[in-house]
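Okay, here's what each chain looks like letter by letter:
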Amino acid sequence: MLNILIIDDEADMRHLIEMYLGNSGFTCFSAESGFEAYGILENNVMDLVILDIMMPGEDGFEVCSRIREKSNVPIIFLSAKGEEWDKVKALQLGGDDYIVKPFSPGELIARMNAVLRRTGGLKSDMDSIQVGKITIDKKARKVSVAGKQVTLTLKEYELLLFFIEHKNQALSREQLLEYIWGIDYTGSLRTVDTHIKTLRMKLGVGDYIQTVWGVGYKFEVPSE
């Protein structure tokens, strides 16, 4: 069970996020200021920090800078502002992602999981996944289809896992780019299409990754 620290001066927002994360199996700690958060970080091991930017006293940027002096814990910024300058500053100070309010529970959990995967904090009790003819050995990072091992690049492997975790959901190219490559990635959406094309070829059998016209892609297990 992962420990998540929520830093936000608005009590209602803290409680709402705690409810989201508690229902998904996370253990939540909360602080209404940077000062309170430093004490929690001093005495507890956190796996991820959710940090609001607009707070009285020290704002989120200042709090992030203070945390980064002592810790590499993943940090996701929250803000009611979506200006590019704020996103750039958040990332330059050591943030790992940036979410604009309002957001859905599903988006928050997905963004957290993506950051935890990239930083090595997301662990699973399931060492092996079987989906249709696809088998994934997560410890060895090996993938086989119909008993035959296939070699995937790191991004292809992360894409496949992300698709399986969001099976039967239509995912946009923008979502895939942000969740797999990160919010600070400057490449084009064609990167997603190229990786999916090669992933489809390597999987070889079954139409697992389907194109959803006007949206993006969806992973479904084909009927036998």
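Residues numbered from 1 in each chain as written. Predicted model: local features only at pLDDT ≥ 70, side-chain atom pairs only at ≥ 80, totals over all residues. Heavy atoms only, no water.

What should I look at first to understand the overall build of the protein chain in this one?
Looking only at helices and strands, the protein chain features eight helices and 12 strands. Computed over the C-alpha atoms, the radius of gyration of the protein chain is 19 Å, within 12% of the 17 Å expected from 2.2 N^0.38 for a compact globule of 224 residues. Out of the 224 residues belonging to the protein chain, those deemed buried represent 43%. The contacts in the protein chain between residues at least 6 apart in sequence include a share of 55% that link residues at least 24 apart. Accessible surface, the protein chain as shown: approximately 11700 Å² in total, 51% of it carbon and sulfur. Taking the average location of the 26 positive side-chain charges in the protein chain and that of its 33 negative ones, the two points are 10 Å from each other. (Helix = DSSP H or I, 4+ residues; strand = E, 2+ residues; numbered from the N terminus. Rg over C-alpha atoms; globule rule 2.2 N^0.38 Å. Buried < 20%, exposed > 50% of the residue type's maximum accessible area, 1.4 Å probe, protein only. Contact = heavy atoms within 4.5 Å. Areas by Shrake-Rupley, 256 points an atom, 1.4 Å probe, with all protein chains shown as cover. Lys, Arg positive; Asp, Glu negative; His and termini not counted. Charge placed at Lys NZ, Arg CZ, Asp CG, Glu CD.)

Before we go on, may I ask you to explain helix α6 (residues 154–165) in this structure?
For the α-helix, the turn length of 3.6 residues means that residues three or four positions removed from each other point alike. Counted at 1.5 Å a residue, the expected span for α6 with its 12 residues is 16 Å, and the 17 Å between its end C-alpha atoms agrees. Three or more residues of α6 are buried, namely Glu156, Tyr157, Glu158, Leu159, Leu160, Leu161, Phe162, Phe163 and Ile164. (Expected span 1.5 Å × (residues − 1).)

Please clarify how the side chain of Asp97 should be interpreted in this entry.
Here Asp97 is to be found in strand β5 (residues 97–100). The exposure class assigned to Asp97 is buried, which follows from its relative accessible area of 2%. Within polar-contact distance, the side chain of Asp97 engages the side chain of Arg111 at 3.1 Å. (Polar contact = N/O pair within 3.5 Å; in protein donor to acceptor, adjacent residues only side chain to side chain.)

Is there a simple way to explain the layout of surface pockets in this structure?
Rolled over the atoms, a probe with the dimensions of a water molecule shows which regions are left empty. Roughly 280 Å³ of volume is contained in the second largest pocket. Forming the walls of the second largest pocket are Tyr38, Leu41, Glu42, Asn44, Val45, Met46, Arg66, Ile67, Glu69, Lys70, Ser71 and Val73. Looking at which element gives the most residues to the lining of the second largest pocket, the answer is helix α2 (residues 34–43), with three residues. For the lining of the second largest pocket, a count of residues per class yields six nonpolar, two polar and four charged. (1 Å grid on protein atoms, 1.4 Å probe; cavity = no way out; pocket = protein on both sides within 12 Å on 5 of 7 lines; lining within 4 Å. Points joined across faces, edges and corners; volume = space filled by probe spheres on them. Nonpolar A, V, L, I, M, F, W, Y, C, P; charged D, E, K, R; others polar.)

I'm lost on helix α8 (residues 190–203) in this one. Help?
Helix length check: α8, at 14 residues, gives a terminal C-alpha distance of 20 Å against a target of 20 Å (1.5 Å per residue), a fit within 8%. The elements touched by buried residues of α8 are β7 (134–137), β8 (142–145), α6, α7 (173–181), β11 (209–212) and β12 (216–219). Positive backbone phi, at 80°, marks Gly204, one or two positions downstream of α8.

I tried to follow the sheet that holds β12 on my own but got confused; where do I start?
By way of backbone hydrogen bonds, the strands of a sheet pair with one another, either parallel or antiparallel. With respect to topology, three strands assemble into an open sheet ordered β10-β12-β11, the strand pairing being antiparallel. Both edges of this open sheet fall to β10 (171–172) and β11, since each of them pairs with a single strand only. Bridging between β11 and β12 involves four bridges; their strand directions are antiparallel. Pairing of Val212 across the sheet is with Gly216, part of β12. In the packing of α6 onto the sheet, contacts are made with β10, β11 and β12, and the angle to β12 comes to roughly 70°. (Pairing = 2+ DSSP bridges. Axes fitted to C-alpha atoms, helices over the stretch in contact; angles between N-to-C directions.)

Sorry if this is basic, but what is going on with the sheet that holds β5 here?
Strand order in the open sheet formed by five strands is β2-β1-β3-β4-β5, with parallel pairing between adjacent strands. Two strands in the sheet have a free side with no partner beyond their single neighbour: β2 (27–31) and β5. Pairs of neighbouring strands in the sheet enclose a mean axial angle of 20°, with direction left out of account. In the packing of helix α4 (residues 84–92) onto the sheet, the strands contacted are β4 (75–79) and β5, and the crossing angle to β5 comes to about 150°.

Looking at this model, I keep getting lost on the confidence of the model for the protein chain. Mind explaining?
Fine structural detail should not be taken from predicted coordinates in areas where pLDDT scores are low. For the protein chain, per-residue confidence averages 87 on the pLDDT scale, and residues scoring 70 or more make up 94% of the total. Summarising per-element confidence for the protein chain, the mean pLDDT is lowest in strand β6 (residues 128–131) (82) and highest in strand β3 (residues 48–52) (96). (pLDDT = per-residue confidence, 0-100.)

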